[in-house]
Number of protein chains: 2
Amino acid sequence: MKQISVKSYKPRGFIGRYQHLIKDEVIPYQYEVLSDNIPDAEKSHVIQNFINAGKALGGEAAGDGFYGMVFQDSDAAKWLEAVAYSLAVFPDKALEEKADRLIDIIAAAQDADGYLNTYYTIKDRNKRWTNILEGHELYCSGHMIEAAVAYYEATGKDKLLSVMEKNAGHIYDVFIKGGHKGYPGHPEIELALLRLYDVTGKEKYLELAKHFIDIRGVDPHYYEKERQSRDWTVWNGDGRNHEYQQSAAPVREQRDAVGHSVRAVYLYTAMADLAAKTQDGSLKKACENLFESITKRRMYITGGIGSTVHGEAFTTDYDLPGDTVYAETCASIGLMFFMAKMLSVSAKGEYADIMEKAFYNTVLAGMSLSGKNFFYVNPLEVVPGISGKAVTHRHALPQRPGWYTCACCPPNAARLISSFGKYAYSEKGDTAYCNMFAAGEVSFENGIHLRCETEYPYGFTVKYSVIKGGKIAVHIPSWSEEYKLTFSGRGTKAVINDGYAYMQVGDGEEITLTLDGGVKTVYPSSKIPALSGCAAIMRGPLVYCFEGVDNEGDVLSLRMIADSEKTALREEILGGTVTVTLQGIREKTADGLYSLKKPVREKVRIKAIPYYMWGNRGENQMRVWLPEA
Amino acid sequence: MKQISVKSYKPRGFIGRYQHLIKDEVIPYQYEVLSDNIPDAEKSHVIQNFINAGKALGGEAAGDGFYGMVFQDSDAAKWLEAVAYSLAVFPDKALEEKADRLIDIIAAAQDADGYLNTYYTIKDRNKRWTNILEGHELYCSGHMIEAAVAYYEATGKDKLLSVMEKNAGHIYDVFIKGGHKGYPGHPEIELALLRLYDVTGKEKYLELAKHFIDIRGVDPHYYEKERQSRDWTVWNGDGRNHEYQQSAAPVREQRDAVGHSVRAVYLYTAMADLAAKTQDGSLKKACENLFESITKRRMYITGGIGSTVHGEAFTTDYDLPGDTVYAETCASIGLMFFMAKMLSVSAKGEYADIMEKAFYNTVLAGMSLSGKNFFYVNPLEVVPGISGKAVTHRHALPQRPGWYTCACCPPNAARLISSFGKYAYSEKGDTAYCNMFAAGEVSFENGIHLRCETEYPYGFTVKYSVIKGGKIAVHIPSWSEEYKLTFSGRGTKAVINDGYAYMQVGDGEEITLTLDGGVKTVYPSSKIPALSGCAAIMRGPLVYCFEGVDNEGDVLSLRMIADSEKTALREEILGGTVTVTLQGIREKTADGLYSLKKPVREKVRIKAIPYYMWGNRGENQMRVWLPEA
């Protein structure tokens, strides 16, 4: 199975509105941030870094030098990639010109041998490739390769692609021909090289990606040796935490998802893609084990991953606190990447389920409804006074800031949302796959052409008008306890296999899928200590949460009566949404911390909103899970 | 009100058994640890440090040098203090000789000018008094002063007292006459100097204690300036975290209990003692505010304090997680010190309540029933696989180790338990106070002499036989919803005031107090996010907990039916205890992390044991709080 190209999907409905928001608000806003024109946001300087690197290469003084994280370059790459996807869907000459100018600036920052990284070019060219552990050179190249591929696919322009092919060639020379023993500190280039291979067909990129994957963890002590061999560090990493960088064992022997969660899922994405491309059974098995580890033991109900701020990392099985959680936006984006590639390994609905869960909850929660504020961390419980304040909760902010010093998440969300089509739709041979529901028109390379009408994720009827027919596979989400498929074509039948309904449909026919739109109560495994006695609410793919503003300012004193009748109601709050009300109990406890007095308990209606919309109405309490009465 | 001297209480019953355990097992075991004769325990080297310091002062090479924490000396001091208390109650010639030999070794490690600290004497005498932030010289002196006072009171021998008076004189010269601007990094010497003042009556010790308390936080930047003035550190402390060391403001302006919890309560103990001694109203008010902050907003049900491992510290109001908690044993010991001194400020039962709560739960839990294993951290929830393993839970061990690199808690528990009498009993003028119930005989300086018979904390009848009568005040614990006082003397009446029953009783009379021995359900404030929907069980002062070994190995799937009938049963497990069983529900949840399937719920009897006994039967799940069904 392969993902469609972004331009093959013309969005409408919910996804269309989000992609318009990216085009109209997010991309322009982020360009201003990257250009340091937003006074209240953290300084970026990323474009100036490229300009300064170009000056340094031209023999001039490097302006005001380098500013930012060692991986600052990647913020520009992710913005460019988002622009590419947006242009693929919504052509925009002015935006394209802006992107072309940035590409010119980036191209001018490339060294004669193909090397491209402003941190080292400005600060010290002699340090190149000496710090693979922390240095992020391969990571930044990976992101710029992704941008180049996307921009080429969207616009047909190959300037950045040429730059990055030359850069990839340089990396090939260093690591393959030159025998450099390093493997990526922050995986990313592996998945990017596989995309470069897809678009160019050049085997050397496949070879290089495979090399980086194969040698990872074969010598788990590589990073420590590297540390000892150099007299400088970025943030004093000593390379001894092998789990952190997924290097404790060769990747084919890894069983548990460990360490920095973004690094983990970026690596697993490349592993899955390589397994599909090369029919590598042991790699496929490793990916399946890691999928199980994440989704059966280490994932939040929101599709968030990474339980701790310490190393932005996975911890141990069933350790899923909602308040001190990390659940980085980028990690859930990476989980979607991983799932998309797992679908290319095996067309199983469970991968589409997780992709959808991550998208509609954590990924969308990462951005405010205005498109101008962003969460890095996505807690499932917020208590003003504790969240963002107590030393253990300092990272779990109760409100979205405008930007971050470490600004990986905002542009990552932009590129993901604007490329939604390639996650929603894919194809394999003569079969068109609908993995997620996305209103609009989609055309597949195999000729199939569909129009999808739906109000998903708020409406649960999905109608496919078949413009050009063939074999179509539609994912039936596992949360839908009941569903109905109807066809305008007499005699059309669906065969269900691994979560997909496979159908042969003719031109002009219609498929109507009706999903279960009921409000569901979700019960956690008793193995999760943080959730004992609790329940949550979902409707469709949307996890719901309780905010103070809808519940008399106090969510902590609420319990839910899980069996009570639940009412889903279209409301005009938050730009239009569907709220859920149900019966709950409010407890009035005695004064003091602990009391022998039984709380006074009162039945009340309690109201929930979709989790992805939380924190858009000022600072207040929020909870996904409530104790069950 | 002043505490009785330890030798005035002859223990029996529960306290007697614990004090015998300290004498028979803990003190000998700890001496072997301090002498490095226990192969499996962490190395101590503390006695050898004193020997080596003595050699260095005598002009010899300092043996194998210094080993351990910068405050290693204090482990010997706390052991000596525990020995003094034990000798006060159980004279033991061999033990006294062992202590005398150690005192000789310590005395030989004192410099000619009175300075005494092995770290600096062995490593670099030029560094003396240059690092008050981290250096612990005042802290170690404080502990040795406490040992000297206790040993003098127990044995009448004044060798160590003379050594420490000379040492205190040296400190007076440095800080008062010499104008050194530092104030204790780790408060301790303040409370010790006040004890030295009590026993010697010398005003200079009161003056020095008052000086350290008064200047604290007046210049909050003292530590930063000190850091800048020296070229060495112990653990790279930069002094900027003013909350950590309670130096953000002068002590009389402090409202919230903040920072390192042991430092906090040691400081507050001295503040309260000074407030009582000097009738300092603003200091008294500050102590009352800090008491409120701790007990109304920042304390665990077990009397544990300090919610986080980061800085071993208080966090924010109502942030009381049971699994990532710190609740250091020493902090609850310090809380008892603070409460004992608050009683000397005002005879209020609430101080005795907290003292008792800390003792019977966290302090006793700090030591195994064998007396040979110790907790530093006292969690309220333990889940093997997460506790002690996940990076956020690494400090919350599921089992007590034999010793620690930082071994403050084990000898601290020994000295507290062996001196229980002076917390249980105190006096003011002609009134004898019984703050906690302790079987045995007690004589007061005012001539009152009582014999107390009780099986407390498991039995709830407390009988005082009055050998020599007078005015007696008996604390009525606030947990006792009902109680009955009866008197053998006709016409005896009790006047209740602030949690104490005041009675005038004659020689030969008897007082019988019958407390409420029922099993109680405790409900947490709804402001504590970690405890939403939960309840706990207490009987008398004992908080109960549920361990896996009593509950089919799985506590996480249990809920409690709080209203159900509870059975307290004397059992022979754990050396004899009273268990509590009640009705609960066991939930069998579906496979996977989250499910739409309602758990299968089955009524079961669930069993709890006293919290202080947890972890004595191997590694297993443990919970104090269970979700309420």
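In this text, all values refer to a predicted model and were calculated from it rather than measured experimentally.

Residues and elements named next belong to chain B. Packing of helix 4 (residues 93-108) against helix 7 (residues 159-177) brings their axes to within 10 Å, and their N-to-C directions diverge by 25°. With respect to helix 7, the axis of helix 4 lies roughly parallel. The way helix 4 lies across helix 7 gives a crossing that is left-handed. Each of I103, D104, I106 and A107 in helix 4 lies in contact with helix 7, whose residues at this interface are K159, L160 and V163. Taken together, the residues of the contact of helix 4 with helix 7 sort by class into five nonpolar, no polar and two charged.

With that settled, the discussion passes to the sheet that holds strand 1 (residues 2-3) of chain A. All names here are of chain A. Taken in spatial order, the six strands make up an open sheet running 1-4-5-9-12-11, and their pairing is mixed. The strands lining the two open edges of the sheet, one partner per strand, are strand 1 and strand 11 (494-497). Relative to strand 4 (residues 425-428), strand 1 is paired through two bridges, and the arrangement is antiparallel. Following the sheet pairing, Q3 is matched in strand 4 by S426.

You can overlay chain A on chain B at an RMSD of 0.0 Å; the transform is a turn of 180° with a shift of 0.0 Å along its axis. Interpreted geometrically, this transformation is the action of a two-fold axis. Taking C-alpha positions as reference, the residue of chain A nearest the rotation axis is A:A629, located at 3.3 Å. Both copies present the same face, since 100% of the interface residues in chain A are matched by interface residues at the equivalent positions in chain B.

On to helix 2 (residues 46-57) of chain A, then. All names here are of chain A. With 12 residues, helix 2 should cover 16 Å at 1.5 Å per step; its first-to-last C-alpha distance of 17 Å lies within 8% of that length. Tucked into the core, helix 2 has its buried residues touching helix 1 (13-34), helix 3 (73-89), helix 4 (93-108), helix 5 (118-123) and helix 6 (137-155). Among the residues trailing helix 2, G59 stands out with phi positive, at a value near 90°.

All names here are of chain A. Taking 1.5 Å per residue, 13 residues should reach 18 Å; helix 9 (residues 203-215) reaches 18 Å between its end C-alpha atoms and fits that length. Looking only at helix 9, the buried set comprises Y205, L206, L208, A209, H211, F212 and I213. Of the surrounding secondary structure, the elements contacted by the buried residues of helix 9 are helix 6, helix 7 (159-177), helix 8 (189-200), helix 11 (261-278) and helix 12 (281-297). Just past helix 9, the residue G217 takes up positive phi, approximately 75°.

Reading the values: rules and limits
Residues numbered from 1 in each chain as written. Chains lettered and ligands numbered in written order. Predicted model: local features only at pLDDT ≥ 70, side-chain atom pairs only at ≥ 80, totals over all residues. Heavy atoms only, no water. Axes fitted to C-alpha atoms, helices over the stretch in contact; angles between N-to-C directions. Helix = DSSP H or I, 4+ residues; strand = E, 2+ residues; numbered from the N terminus. Parallel < 35°, antiparallel > 145°, perpendicular 65-115°, else oblique. Left-handed = near helix turned anticlockwise from the far one by under 90°. Contact = heavy atoms within 4.5 Å. Nonpolar A, V, L, I, M, F, W, Y, C, P; charged D, E, K, R; others polar. Pairing = 2+ DSSP bridges. Least-squares fit on C-alpha atoms with pLDDT ≥ 70 in both. Expected span 1.5 Å × (residues − 1). Buried < 20%, exposed > 50% of the residue type's maximum accessible area, 1.4 Å probe, protein only.

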